[in-house]
Amino acid sequence: MKKLSSLLLGLVFLLPFATPALAANTYTSQQVGVHNVAADCWTIVNNKVYNVTSYLTLHPGGQVAINSLCGIDGSSLFNGKHASNVNANNALANYYVGDLLIIDTTTPSVPTNLSAAAIYPNQINLTWTKSSDNVGVTGYKVYINNSQVGTSTINSYISTGLASSTSYIFNVSAFDANGNVSATSSSVTATTTAVSSAITLNTPTGLRADLKDHKKIKLTWDAPINHASVKGYRVLRDGIVVGTSRNRNFMDSSIVAGTTYSYTVVAFNAAGSTSPASNSVSITTKDKKIHADKRNNENENKNDKEHDNKMGKGNSGHNDKD
Ligand code: HEM
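Owing to the predicted nature of the structure, the values given are computational and were not obtained by experimental measurement. (Residues numbered from 1 in each chain as written. Predicted model: local features only at pLDDT ≥ 70, side-chain atom pairs only at ≥ 80, totals over all residues.)

Turning our eyes to something else, we now look at the confidence of the model for the protein chain. When pLDDT is averaged across the protein chain, the result is 83; 80% of the residues are at 70 or more. The low-confidence segment residues 1-5 (pLDDT under 50) makes zero contacts with residues lying over four places distant or belonging to another chain. Here residues 290-322 scores under 50 on pLDDT; set against residues more than four positions off or in separate chains, the count is zero contacts. (pLDDT = per-residue confidence, 0-100. Contact = placed C-beta atoms within 7 Å.)

What follows is the structure, given as structure tokens:
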């Protein structure tokens, strides 16, 4: 029994500590505002909420003085009279019901100085001057042609996936943690750059092919005009790439005798863009079949003789029987 009673006693002491602390109630100024009569009088003092209904008739300074606080933020009235009065502050503390939930309804300032830099055929970089806010700017919304395309937590944004040589209208707006969004900034228009190959890579010319022997074809060609950005050339045989060359020649050694091949070359630059194809040139490799056929015939005749000799001996009897 003694054990049980001490256990229960322990529980009684433990329970208050085991219960999780309740979060303070919070009230908006609108919620406090409905308790605005003497029979139901709430007030706000220094961002705390008090239900002083039962104190109205107890107030040493008279009920009328407190009536004026019902349903409003009474901070300035209370502080004006009692800011340093310990008794008044202690009395007020008895009627505390929760904290004031401050809802931020102030929008951040409008971003300014938006500028756009067209960097690549598919990319434009944006920067602007930071906005300010009474609480803090959380981020910025970015709009292209008046549709939001993304957000940024900093005052810059890289817009990718754009079409080349195309104009886009950009705007940004600032928002805070409470979802207040500023008006959109002044718009800025920028045009993506053109695809580089179209302007820098011209067509290689003068492609010619020489038969070196049965096993090799040498191709040579002339550089395109304005060839400064040319990184190399791709050689195509019957439309399929058979090799690359940094110089204006290429040796194709993967050829078969007695075959006609058609070649073209294209130039490419460091960005991987290619030029249009050069002129096409066709060449037929030497036919080694004639020699091969002669040799084959000789071999076949020789084999036939041997075969006949062998078969003649074995078959004679057999044939005779037939
Ligand atoms: C809910 C808010 C208020 C509480 C809890 C409160 C509390 C008190 C207390 C405890 C006293 C006695 C002070 C002492 O003996 O030291 C007092 C006195 C007084 N209060 Fe308030 N008070 C409140 C609001 C106001 C307001 C808004 C006014 C007027 C603007 C006001 C005017 C007075 C006056 C005139 C006295 C009489 C004595 C003095 O002048 O200090 N009170 N109040």
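This paragraph deals with the pairing of strand 18 (residues 260-269). Examined bridge by bridge, strand 15 (residues 230-237) and strand 18 share seven bridges and lie antiparallel to one another. Across the sheet, the residue bridging to Leu236 is Thr264, located in strand 18. In the sheet, strand 18 pairs with strand 19 (residues 281-284) via four bridges, with the strands oriented antiparallel. If you follow Tyr261 over to strand 19, its bridge partner there is Ile283. (Pairing = 2+ DSSP bridges. Helix = DSSP H or I, 4+ residues; strand = E, 2+ residues; numbered from the N terminus.)

This part is about the site of the ligand. Among the 16 residues in the neighbourhood of the ligand, the closest are listed as Gly61, Ala65, Asn87, Ala88 and Ala91. Contributions of two or more residues to the shell around the ligand are made by helix 3 (63-67), helix 4 (75-82) and helix 5 (86-93). Along the lines of polarity and charge, the residues of the shell around the ligand split into ten nonpolar, five polar and one charged. (Near = placed C-beta within 6 Å. Nonpolar A, V, L, I, M, F, W, Y, C, P; charged D, E, K, R; others polar.)

Mapped onto the elements, Ile158 comes out in strand 10 (residues 156-159). Along the primary structure Ile158 and Val142 are separated by 16 residues, whereas in three dimensions their C-alpha atoms are 10.0 Å apart. For Ile158, the residues in contact, after removing those within four places along its chain, are Gln123 and Asn125.

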